[in-house]
Amino acid sequence: MNLHRSLFAAALAAAGLSFAPVTPAQTTAAPASHALEGNPVPGVCMLSREAVFAQSKVGQAASERLKQLATQQQTLLENQRKPLDAEVQAFQQKAASLTEAQRQQQGQALQQRMQGYQAQVSQTGERIQLTRAKVMQQIGGQAQPIIASSYASHHCGLLLNRDAVLGGNTSNDLTADVVRGLDGKITTLNFNLEPAPANNGK
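Here we summarise the structure given alongside this text. (Residues numbered from 1 in each chain as written. Predicted model: local features only at pLDDT ≥ 70, side-chain atom pairs only at ≥ 80, totals over all residues. Heavy atoms only, no water.)

Examining the state of the cysteines
Throughout the structure, instances matching the rule amount to one disulfide. With a sulfur-sulfur separation of 1.9 Å, Cys 45 is cross-linked through a disulfide to Cys 156. Taking the torsion about the sulfur-sulfur bond, which here is approximately -90 degrees, the covalent link between Cys 45 and Cys 156 counts as left-handed. Of this pair, Cys 45 sits in strand β1 (residues 44-47) while Cys 156 sits in the loop between α4 (100-153) and β2 (158-161), and the two are 111 residues apart along the sequence. Neither residue differs from the other here; Cys 45 and Cys 156 are each classed as buried. (Disulfide = S-S within 2.5 Å. Helix = DSSP H or I, 4+ residues; strand = E, 2+ residues; numbered from the N terminus. Buried < 20%, exposed > 50% of the residue type's maximum accessible area, 1.4 Å probe, protein only.)

Listed below in C-alpha coordinates is the structure:
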(Lines give C-alpha, C1' and ligand atoms only; values in the text may rest on other atoms or scores of the structure.)
Protein backbone atom coordinates (compact mmCIF):
# COMPACT_ATOMS: atom_id res chain seq x y z
CA MET A 1 0.00 0.00 0.00
CA ASN A 2 1.26 3.49 -0.81
CA LEU A 3 -1.26 5.45 1.22
CA HIS A 4 1.34 6.47 3.79
CA ARG A 5 3.58 7.87 1.05
CA SER A 6 0.82 10.00 -0.42
CA LEU A 7 -0.28 11.19 3.02
CA PHE A 8 3.26 12.14 3.97
CA ALA A 9 3.83 13.87 0.64
CA ALA A 10 0.65 15.88 1.17
CA ALA A 11 1.82 16.81 4.66
CA LEU A 12 5.15 18.03 3.33
CA ALA A 13 3.44 19.99 0.57
CA ALA A 14 1.20 21.64 3.16
CA ALA A 15 4.27 22.48 5.20
CA GLY A 16 5.92 24.19 2.23
CA LEU A 17 9.06 22.37 3.24
CA SER A 18 11.82 23.66 1.01
CA PHE A 19 13.00 27.19 0.39
CA ALA A 20 12.22 27.17 -3.33
CA PRO A 21 14.78 29.01 -5.46
CA VAL A 22 13.49 32.35 -6.57
CA THR A 23 14.25 33.40 -10.13
CA PRO A 24 15.13 37.08 -10.46
CA ALA A 25 12.40 39.11 -12.08
CA GLN A 26 14.71 40.06 -14.95
CA THR A 27 14.98 36.47 -16.18
CA THR A 28 11.21 36.09 -16.47
CA ALA A 29 10.51 39.48 -17.99
CA ALA A 30 8.80 39.92 -21.34
CA PRO A 31 10.90 40.31 -24.51
CA ALA A 32 12.93 43.54 -24.68
CA SER A 33 10.50 45.20 -27.08
CA HIS A 34 7.69 44.79 -24.54
CA ALA A 35 9.71 45.14 -21.32
CA LEU A 36 8.30 47.30 -18.53
CA GLU A 37 11.26 49.54 -17.77
CA GLY A 38 11.48 53.19 -16.85
CA ASN A 39 13.51 55.47 -14.61
CA PRO A 40 14.37 54.68 -11.01
CA VAL A 41 11.78 56.04 -8.60
CA PRO A 42 13.60 58.02 -5.91
CA GLY A 43 13.06 56.55 -2.44
CA VAL A 44 11.29 53.41 -3.67
CA CYS A 45 13.22 50.22 -2.92
CA MET A 46 12.44 46.53 -3.25
CA LEU A 47 13.29 43.34 -1.39
CA SER A 48 12.48 39.67 -1.93
CA ARG A 49 12.39 37.91 1.42
CA GLU A 50 11.91 34.56 -0.31
CA ALA A 51 15.08 35.16 -2.33
CA VAL A 52 16.95 36.05 0.85
CA PHE A 53 15.91 32.74 2.40
CA ALA A 54 16.66 30.80 -0.78
CA GLN A 55 20.02 32.37 -1.64
CA SER A 56 21.60 33.01 1.75
CA LYS A 57 23.91 30.39 3.23
CA VAL A 58 21.87 30.12 6.41
CA GLY A 59 18.64 29.68 4.42
CA GLN A 60 20.15 26.92 2.31
CA ALA A 61 21.56 25.19 5.40
CA ALA A 62 18.19 25.41 7.12
CA SER A 63 16.46 23.96 4.07
CA GLU A 64 18.82 20.98 4.05
CA ARG A 65 18.28 20.40 7.77
CA LEU A 66 14.52 20.49 7.32
CA LYS A 67 14.75 17.95 4.52
CA GLN A 68 16.88 15.74 6.75
CA LEU A 69 14.36 15.91 9.58
CA ALA A 70 11.50 15.17 7.19
CA THR A 71 13.32 12.15 5.78
CA GLN A 72 13.93 10.82 9.29
CA GLN A 73 10.27 11.16 10.15
CA GLN A 74 9.20 9.48 6.91
CA THR A 75 11.45 6.52 7.69
CA LEU A 76 9.93 6.19 11.17
CA LEU A 77 6.42 6.31 9.74
CA GLU A 78 7.21 3.74 7.08
CA ASN A 79 8.59 1.38 9.74
CA GLN A 80 5.38 1.79 11.74
CA ARG A 81 3.25 1.19 8.67
CA LYS A 82 4.86 -2.12 7.64
CA PRO A 83 3.39 -4.24 10.48
CA LEU A 84 0.04 -2.55 10.00
CA ASP A 85 0.09 -3.45 6.30
CA ALA A 86 0.94 -7.04 7.24
CA GLU A 87 -2.01 -7.22 9.65
CA VAL A 88 -4.39 -5.84 7.04
CA GLN A 89 -3.17 -8.41 4.52
CA ALA A 90 -3.53 -11.23 7.04
CA PHE A 91 -7.05 -10.09 7.89
CA GLN A 92 -8.03 -10.06 4.22
CA GLN A 93 -6.71 -13.58 3.75
CA LYS A 94 -8.59 -15.04 6.71
CA ALA A 95 -11.74 -12.92 6.47
CA ALA A 96 -13.71 -15.63 4.70
CA SER A 97 -13.16 -18.04 7.61
CA LEU A 98 -14.33 -15.58 10.25
CA THR A 99 -17.82 -15.05 11.55
CA GLU A 100 -19.57 -11.80 10.74
CA ALA A 101 -19.04 -10.61 14.32
CA GLN A 102 -15.32 -11.41 14.17
CA ARG A 103 -14.92 -9.64 10.85
CA GLN A 104 -16.61 -6.53 12.18
CA GLN A 105 -14.62 -6.54 15.41
CA GLN A 106 -11.23 -7.09 13.78
CA GLY A 107 -12.03 -4.81 10.85
CA GLN A 108 -13.02 -1.95 13.16
CA ALA A 109 -9.86 -2.45 15.22
CA LEU A 110 -7.70 -2.23 12.09
CA GLN A 111 -9.61 0.81 10.87
CA GLN A 112 -9.01 2.59 14.17
CA ARG A 113 -5.31 1.81 13.98
CA MET A 114 -5.21 3.08 10.40
CA GLN A 115 -6.94 6.31 11.44
CA GLY A 116 -4.44 6.71 14.26
CA TYR A 117 -1.60 6.28 11.80
CA GLN A 118 -3.07 8.83 9.42
CA ALA A 119 -3.44 11.28 12.32
CA GLN A 120 0.22 10.74 13.15
CA VAL A 121 1.20 11.48 9.54
CA SER A 122 -0.81 14.72 9.66
CA GLN A 123 0.74 15.65 13.00
CA THR A 124 4.22 15.08 11.59
CA GLY A 125 3.45 17.42 8.70
CA GLU A 126 2.23 20.02 11.19
CA ARG A 127 5.42 19.68 13.22
CA ILE A 128 7.51 20.23 10.09
CA GLN A 129 5.43 23.29 9.25
CA LEU A 130 5.88 24.69 12.76
CA THR A 131 9.61 24.06 12.59
CA ARG A 132 9.94 25.81 9.23
CA ALA A 133 7.95 28.80 10.47
CA LYS A 134 10.15 29.12 13.55
CA VAL A 135 13.35 28.85 11.51
CA MET A 136 12.17 31.46 9.02
CA GLN A 137 11.31 33.75 11.93
CA GLN A 138 14.81 33.31 13.33
CA ILE A 139 16.43 34.05 9.98
CA GLY A 140 14.13 37.03 9.53
CA GLY A 141 15.22 38.34 12.92
CA GLN A 142 18.87 38.07 11.91
CA ALA A 143 18.16 39.79 8.60
CA GLN A 144 16.07 42.67 9.98
CA PRO A 145 18.94 44.95 11.13
CA ILE A 146 20.73 44.29 7.81
CA ILE A 147 17.57 45.27 5.93
CA ALA A 148 17.29 48.43 8.03
CA SER A 149 20.93 49.34 7.34
CA SER A 150 20.59 48.75 3.60
CA TYR A 151 17.31 50.71 3.58
CA ALA A 152 19.07 53.69 5.18
CA SER A 153 22.19 53.52 3.00
CA HIS A 154 20.06 53.49 -0.18
CA HIS A 155 18.04 56.46 1.11
CA CYS A 156 14.80 54.53 0.76
CA GLY A 157 11.47 56.02 1.72
CA LEU A 158 9.34 53.01 0.79
CA LEU A 159 10.14 49.30 0.70
CA LEU A 160 8.10 47.01 -1.57
CA ASN A 161 7.95 43.25 -1.92
CA ARG A 162 9.91 42.57 -5.12
CA ASP A 163 7.97 39.37 -5.77
CA ALA A 164 4.75 41.39 -6.10
CA VAL A 165 6.17 43.94 -8.55
CA LEU A 166 4.95 43.36 -12.11
CA GLY A 167 7.54 45.52 -13.84
CA GLY A 168 9.62 48.65 -13.75
CA ASN A 169 13.13 49.74 -12.85
CA THR A 170 14.65 47.35 -10.31
CA SER A 171 17.91 49.19 -9.65
CA ASN A 172 16.88 49.86 -6.04
CA ASP A 173 16.66 46.16 -5.17
CA LEU A 174 18.15 45.53 -1.71
CA THR A 175 18.01 41.73 -1.94
CA ALA A 176 21.63 41.11 -2.96
CA ASP A 177 22.92 43.47 -0.25
CA VAL A 178 20.86 41.71 2.39
CA VAL A 179 22.03 38.25 1.27
CA ARG A 180 25.68 39.39 1.44
CA GLY A 181 25.16 40.93 4.85
CA LEU A 182 23.40 37.84 6.16
CA ASP A 183 26.14 35.56 4.81
CA GLY A 184 28.70 37.62 6.70
CA LYS A 185 26.70 37.37 9.91
CA ILE A 186 25.43 33.79 10.08
CA THR A 187 25.75 30.68 7.91
CA THR A 188 23.88 27.96 9.79
CA LEU A 189 21.27 27.25 12.45
CA ASN A 190 21.03 24.31 14.82
CA PHE A 191 17.48 23.08 15.37
CA ASN A 192 15.37 19.97 15.76
CA LEU A 193 11.77 19.20 14.93
CA GLU A 194 9.29 21.18 16.98
CA PRO A 195 7.09 19.14 19.36
CA ALA A 196 3.48 18.53 18.52
CA PRO A 197 1.23 21.42 19.60
CA ALA A 198 -0.62 20.94 22.86
CA ASN A 199 -4.18 19.68 22.54
CA ASN A 200 -6.32 22.59 23.64
CA GLY A 201 -9.29 20.31 23.85
CA LYS A 202 -7.96 18.57 26.94
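What follows picks up the thread again.
A look at the nonpolar core
In terms of nonpolar packing, the biggest core is built from 22 residues, with Ile 139, Val 178, Leu 182, Leu 189 and Phe 191 touching the most fellow members. Taken together, the elements giving at least two residues each to this core come down to β1, α2 (49-55), α3 (57-94), α4 and α5 (175-185). Excluding residues within four positions of it along the chain, Leu 189 makes contact with Val 58, Val 135, Gln 138 and Ile 139. Core analysis: the next-biggest nonpolar cluster, separate from the first, contains nine residues, Val 88, Phe 91, Leu 98 and Leu 110 among them. (Core = buried A, V, L, I, M, F, W, Y, C linked by side-chain atoms within 4.5 Å. Contact = heavy atoms within 4.5 Å.)

Thoughts on the packing of α4 against α5
Look at α4 against α5: their axes get within 9 Å of each other, and the N-to-C directions meet at 125 degrees. As far as their axial angle goes, α5 and α4 are oblique. Viewed along their axes, α4 and α5 form a crossing whose handedness is right-handed. Residues Ile 139, Gln 142, Ala 143, Pro 145, Ile 146, Ile 147 and Ser 150 of α4 form the contact with α5, whose participating residues are Asp 177, Val 178, Gly 181, Leu 182 and Lys 185. Class assignment for the residues of the contact of α4 with α5 results in seven nonpolar, three polar and two charged. (Axes fitted to C-alpha atoms, helices over the stretch in contact; angles between N-to-C directions. Parallel < 35°, antiparallel > 145°, perpendicular 65-115°, else oblique. Left-handed = near helix turned anticlockwise from the far one by under 90°. Nonpolar A, V, L, I, M, F, W, Y, C, P; charged D, E, K, R; others polar.)

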